[in-house]
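Structural features, examined
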Amino acid sequence: MADALYKKLGLVNTREMFKKAVDGGYAIPAYNFNNMEQLQAIMGACAESNSPVIIQVSSGARKYANQTLLRYMAEGAVQMVRKDLKSNIPICLHLDHGDTFELCKSCIDSGFSSVMIDGSHHPYEKNVELTKQVVEYAHKYDVTVEGELGVLAGIEDKVSAAESTYTKPEEVQDFVEKTGVDSLAISIGTSHGAYKFKPGANVPPLRFDILKEIEKKLPGFPIVLHGSSSIPKEYVEMVNKYGGKMKDAIGVSEDQLREAAKSAVCKINIDSDGRLVVTGVIRKVFAEKPAEFDPRKYLGPAREELKKLLIHKNQNVLGSAGKA
Ligand code: G3H
Ligand code: 13P
Ligand code: ZN
C-alpha cells in the first residue's frame, strides 16, 4: 500500500470507527465545516464529550473557504485537539458529496482520510462504474469510500421531498460487491436543508422498514444517513424573533435519529443545524447590541452555542459521547 498522507496528519479513515459504532449501537457524528468557528466548535464539543468525529467538507465549502486553506485548517484542528485540548479522539477528514473522480482524487492526494462519491443521481450502471473507479484509487492509499444509492431531496439533483427516491434494497448487495465501497448512504425519508417536511401535515416517519431490508441484505455493513438535522424549534424561534424568516422549518426528530443510531446506521450527517444556531445567535446579538462591531463579539457566542448543541447531539442523540 502506498504511503497515506492522512496518517502523517494524525487522521484516521472510517473503517475502525464504523466497526465499533455498528457493534456498539451508536453513530459517529459527521459535521460539516466552512470556517474557523464551526471547526473550533466541532472539535471542542467532540473533545469534551470524548466522541470520535468526522469533519466534512463539501465542494461548496472548498469554493467558499479555499481548498488549500480548509485542508490546513483540518490539520491545525488535529494539532489543537492533541496539544491544547489534550484529547486523543479519532478524527476523520471526509469529502462530502464528491461528484467526480477528479475531485475525490484531489482530496485523497491532499490528505483526506475518507471520501464520498455521490453517483446516486446517475443511472445505476454509471453509479457503479464511477464509484468503483474512486474505490480503486482510494484503497491504494487506505482511504475509505462512501457511496450512495437512492436520491434525497435537497441538493441531490434539485429534487423536492415528494420526488426523492428511496433506496431499493434489492440493489444494495450488488452495488457493494461490484464497487467495493466501505459504507453506503441510503435514502429513507430524510432530506437536506431546513425544510424537510410539510408543515401542518403529520410528519411521515422515516422508512425503517427499508432500512431493515437493507440490513438483512448487508449484515453489519456500515450505513450512512444524510439530511439528519433536527432543526430545533428553539433556534427557529430565535431566528424568527430577531428578524429572520424561517417559518415552517422542520427537521428529523431526535427520537428517530436515536433509533437509527442503534441500527447499522453508523454515520449521521448534520450541517443545517449548525447553520441555524449560528444564525440565531448572531441575529440575537445584532438585535440586542446594535453598537457591537467586533466580529468576535457575535461569532464567539455563536461558536459557544454551537458547541453546546453538538455536545447534546453526541450525548443524547447519536450516543457517540464517551466512545473515543
Ligand atoms: O449535504 C450538503 C451539505 O449540507 C453541504 O452543503 O453544498 O451548501 O456546502 P453545501
Ligand atoms: P442536513 O441538511 O440535514 O444538515 O444534512 C447535511 C448532510 O447530509 C451533509 O451531507
Ligand atoms: Zn448530504
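A brief look at the structure comes next. (Residues numbered from 1 in each chain as written. Chains lettered and ligands numbered in written order. Predicted model: local features only at pLDDT ≥ 70, side-chain atom pairs only at ≥ 80, totals over all residues.)

Describing the site of ligand 1
Around ligand 1 sit nine residues in total, of which S58, G60, A61, H192 and D271 are the nearest. Of all the secondary-structure elements, those providing two or more residues to the shell around ligand 1 are α4 (59-65) and β3 (91-98). Residue composition of the shell around ligand 1, by class: two nonpolar, five polar and two charged. (Near = placed C-beta within 6 Å. Helix = DSSP H or I, 4+ residues; strand = E, 2+ residues; numbered from the N terminus. Nonpolar A, V, L, I, M, F, W, Y, C, P; charged D, E, K, R; others polar.)

So, the packing of helix α7 (residues 124-140) against helix α8 (residues 169-179)
Viewed as axis vectors pointing N to C, α7 and α8 meet at an angle of 35°, and their least axial separation amounts to 9 Å. Seen along the crossing, α7 lies across α8 with a hand that is right-handed. Within the contact between the two elements, α7 uses Y124, V128, T131, K132 and V135 and α8 uses E171, F175, K178 and T179. (Axes fitted to C-alpha atoms, helices over the stretch in contact; angles between N-to-C directions. Left-handed = near helix turned anticlockwise from the far one by under 90°. Contact = placed C-beta atoms within 7 Å.)

Comments concerning unusual backbone geometry
Positive phi, normally seen in glycine, also occurs at N66, with a value near 85°. Looking at the secondary structure, you find N66 in the loop between α4 and α5 (67-84).

Points about the pairing of strand β8 (residues 265-270)
Burial analysis of β8 places six of its six residues in the buried class, which makes it a mostly covered element. As defined by bridge partners, strand β1 (residues 28-32) adjoins β8 across four bridges and the pair is classed as parallel. Looking at β8, one finds that Y31 is bridged to I270. (Buried ≥ 20, exposed ≤ 12 C-beta atoms within 10 Å, placed from the backbone. Pairing = 2+ DSSP bridges.)

Quick look at the site of ligand 2
Inspection of the region around ligand 2 gives 14 residues, with H226, S229, N269, D271 and S272 positioned closest. Of all the secondary-structure elements, those providing two or more residues to the shell around ligand 2 are β3, β8 and α12 (272-288). Along the lines of polarity and charge, the residues of the shell around ligand 2 split into one nonpolar, ten polar and three charged.

Here's the deal with the packing of α12 against helix α13 (residues 295-318)
Relative orientation of the contacting elements α12 and α13 amounts to 140°, with a least axis distance of 8 Å. Considering the angle they form, α12 stands oblique to α13. In this structure, α12 meets α13 at a crossing whose hand is right-handed. Residues D273, G274, V277, V278, V281, I282, V285 and F286 of α12 form the contact with α13, whose own contacting residues are K297, Y298, P301, A302, E305, L306 and L309. Looking at the contact of α12 with α13 residue by residue, the classes come out as eleven nonpolar, one polar and three charged. (Parallel < 35°, antiparallel > 145°, perpendicular 65-115°, else oblique.)

Side note on the nonpolar core
In terms of nonpolar packing, the biggest core is built from 90 residues, with I42, I55 and V115 touching the most fellow members. Among the elements that take part in this core, helix α3 (residues 36-48) stands out by supplying seven residues, more than any other. Filtering out sequence-adjacent residues up to four positions away, I55 remains in contact with Y31, F33, L39, I42, A74, I91 and L93. (Core = buried A, V, L, I, M, F, W, Y, C linked by C-beta atoms within 7 Å.)

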